[in-house]
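# An overview of the molecular structure
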Amino acid sequence: MQTNLVQYKVSETVEGFQYNELEGRGLYGLAGRLTIQPEYQRNYIYADGKRDTAVVESLLKGYPLGLIYFNKTGLDLFEVLDGQQRITSIGRFVTGRFAIKVDGLEQYFSGLAKDKQDKILNSQILVYECEGSETEIKEWFKTINIAGVPLNNQELLNAVYSGPFVTAGKEEFSNSQNSNVSKWGAYVSGSALRQDFWERALEWVSNGEENVGAYMSSHRFDKDINEVKTYFNTVIDWVSGVFIDVEPEMRGLDWGRLYEKFHSTAYDPKRLAERVQELYGDPYVKNRKGIWEFVLGGETDYKLLDIRVFDDATKKAKYATQTKDAEANGVSNCGHCVLEGSTNKSKIWKLDEMDADHVEPWSKHGATSLENCMMLCRTHNRAKGNR
């Protein structure tokens, strides 16, 4: 790969700047010769009133912005390889998209004093112009230091498999103005701009995170994402249909896996809602995020709920009373050893050789309390299970 170090004025770089507000994308600079956000680039994420203003303030203070990398795509044509967040921030400010504080006052570019405007426009940007094969450019893109926020896994995959498929996917799932984002956000964690919805949609349709790369590779030149979009919305519609109420802990669950596992089972949404609320309010359920899979699976896998166990004080208190009674009667302090008449029927177990268990199982509404606690030797406790 060949590189050439050059300098551009800010005024040159943002000449003809265009910005797509709906998609959150910087489009063009250098009078149309520079594509600011090619397909493999992430969405613009600096529009937070902090990072975007920091870029402009750096120029006013005369601070260097750091190296920018352009990829040469044709005769005097370029695309931003690294630095699109900084360039887009400058372009947005110069074209009046946001204000910064100057001498304590909020000011847009048009309202700045002439000398401050000139200082911004005449600032020099140091740029490496790179030229090489697609493979070389993509590998370089993956390894250069991205100023501010590192690329996440999906942004890297977008770069590696850039093409019409990724472009269509980002238009649908990475558009923060999409009216579906609010509904998706009830079940999927993250944000559109950081590719979280797009990433989850790909994971679900390809049946797992480990399959996403292969799926994107095989569909790289597809002009539509109909399969991804249909499957994703099918999963979301199934979840919202089965569960009437939306709770915060539902965000981020692997609904794609749960859909594959349970969608062929018929459910009564009203009954599920009642049961979810019972479990949601149960003080002994430690893992609320496991509630939905627990009820979908017929309430058999109690590990999903991580039921609160007896604390050490309760165990010690119950051990003391059980052991005292057992010694007085000449029998084991494990009631099951006594009932079975085993060789351990009179053995007094040490505290660390016993486990606490519910007399009345939690699944049958037994409380995790001293009154409902019994100590069993570990062999019998493990054999007892949740009966």
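The coordinates are above.
Residues numbered from 1 in each chain as written. Predicted model: local features only at pLDDT ≥ 70, side-chain atom pairs only at ≥ 80, totals over all residues. Heavy atoms only, no water.

### Focus: the overall build of the protein
In terms of helices and strands, the protein carries 17 helices and 11 strands. Overall, the C-alpha framework of the protein stretches about 95 × 50 × 40 Å when taken along its three principal axes. Within the span of the protein, comprising 387 residues, buried residues form 47% of the whole. Long-range pairs, those at least 24 residues apart, make up 64% of the contacts in the protein with a sequence separation of at least 6. (Helix = DSSP H or I, 4+ residues; strand = E, 2+ residues; numbered from the N terminus. Buried < 20%, exposed > 50% of the residue type's maximum accessible area, 1.4 Å probe, protein only. Contact = heavy atoms within 4.5 Å.)

### Remarks on the state of the cysteines
Evaluation of the coordinates by the stated rule reveals zero disulfides. Considering cysteine sulfurs only, C334 is the nearest to C377, which forms no disulfide, with 3.7 Å between them. Since its relative accessible area comes to 1%, C377 is described here as buried. (Disulfide = S-S within 2.5 Å.)

### Considering the packing of helix α2 (residues 51–60) against helix α3 (residues 84–94)
The contact between α2 and α3 brings their axes to 9 Å, and the two run at 80 degrees. Between α2 and α3, the angle falls in the class roughly perpendicular. In this structure, α2 uses D52, V55, V56 and L59 to contact α3, whose residues at the interface are R86, S89, I90, R92 and F93. Of the residues belonging to the contact of α2 with α3, the class tally is five nonpolar, one polar and three charged. (Axes fitted to C-alpha atoms, helices over the stretch in contact; angles between N-to-C directions. Parallel < 35°, antiparallel > 145°, perpendicular 65-115°, else oblique. Nonpolar A, V, L, I, M, F, W, Y, C, P; charged D, E, K, R; others polar.)

### Thoughts on the environment of K303
Along the chain, K303 falls in the loop between α14 (291–296) and α15 (312–329). The exposure class assigned to K303 is exposed, which follows from its relative accessible area of 71%. It is 8.5 Å that separates the C-alpha atoms of K303 and G290, two residues lying 13 residues apart in sequence.

### Observations concerning empty space enclosed by the protein
Inspection of every chain in the model, using the stated rule, returns three cavities of 30 Å³ or more. By volume, the second largest cavity is sized at about 50 Å³. If you go around the second largest cavity, the residues you meet are F243, I244, D245, E247, A273, V276, Q277 and W292. For the lining of the second largest cavity, the element with the most residues is helix α13 (residues 269–280), which contributes three residues. Residue composition of the lining of the second largest cavity, grouped by class: five nonpolar, one polar and two charged. (1 Å grid on protein atoms, 1.4 Å probe; cavity = no way out; pocket = protein on both sides within 12 Å on 5 of 7 lines; lining within 4 Å. Points joined across faces, edges and corners; volume = space filled by probe spheres on them.)

### A word on the pairing of strand β11 (residues 373–377)
Burial analysis of β11 places five of its five residues in the buried class, which makes it a mostly covered element. Along β11, one buried face is formed by C373, M375 and C377 and the opposite face, lined by M374 and L376, is buried too. Alignment of strand β10 (residues 354–358) against β11, held across five bridges, turns out to be antiparallel. Within β11, the residue paired with D357 across the bridge is M374. (Pairing = 2+ DSSP bridges.)

### Considerations on helix α7 (residues 164–173)
Counted residue by residue, α7 has seven buried out of 10 residues, so it is predominantly covered. Among all positions of α7, only F165, V166, A168, G169, K170, E172 and F173 are buried. Looking at the buried side of α7, the elements it contacts are α6 (153–160), α8 (181–184), α9 (196–205), α10 (212–218) and α11 (226–242).

### So, the sheet that holds strand β6 (residues 77–82)
Spatially, β1-β9-β5-β6-β4-β3-β2 is the arrangement adopted by the seven strands of the open sheet, whose pairing is mixed. Every interior strand has two partners, whereas the edge strands, β1 (2–9) and β2 (18–20), have only one.

### Quick notes on the nonpolar core
F173, V228, W238, F243, W255 and W292 are the most contacted members of the largest nonpolar core, which totals 52 residues. Elements supplying a minimum of two residues to this core: α7, α8, α9, α10, α11, α12 (255–262), α13 and α14. Here this core takes eight residues from α11, the largest share from any one element. With near-sequence residues (within four places) excluded, W292 lies in contact with F243, E247, E249, M250, L253, W255, V276 and Y280. Counting 32 residues, the second-largest nonpolar core is a separate cluster that includes Y8, V80, I90 and L112. (Core = buried A, V, L, I, M, F, W, Y, C linked by side-chain atoms within 4.5 Å.)

### Digging into the packing of aromatic side chains
Evaluated as defined, the whole model comprises 22 aromatic pairs. Ring plane angle 25 degrees and centroid distance 5.8 Å describe the contact between F173 and W198, whose orientation is recorded as stacked. Of the two residues, F173 sits in helix α7 while W198 sits in helix α9, which places them 25 residues apart along the sequence. What makes W198 buried here is its relative accessible area of 0%. Ring-pair connections join several aromatic residues into one group, and the members of that group are F165, F173, W184, F197, W198, W204, Y215 and F232. Seen from the ring of Y19, R92 lies directly overhead, with NZ or CZ sitting 5.1 Å from the centre. The side chain of K347 reaches across the aromatic face of W349, ending 4.0 Å from its centre. (Phe/Tyr/Trp six-rings, centres within 6.5 Å; stacked < 30°, edge-to-face > 60°. Lys NZ or Arg CZ within 6 Å of the ring centre and 35° of its normal.)

Remember, this is a structural readout, not a statement about activity or role.
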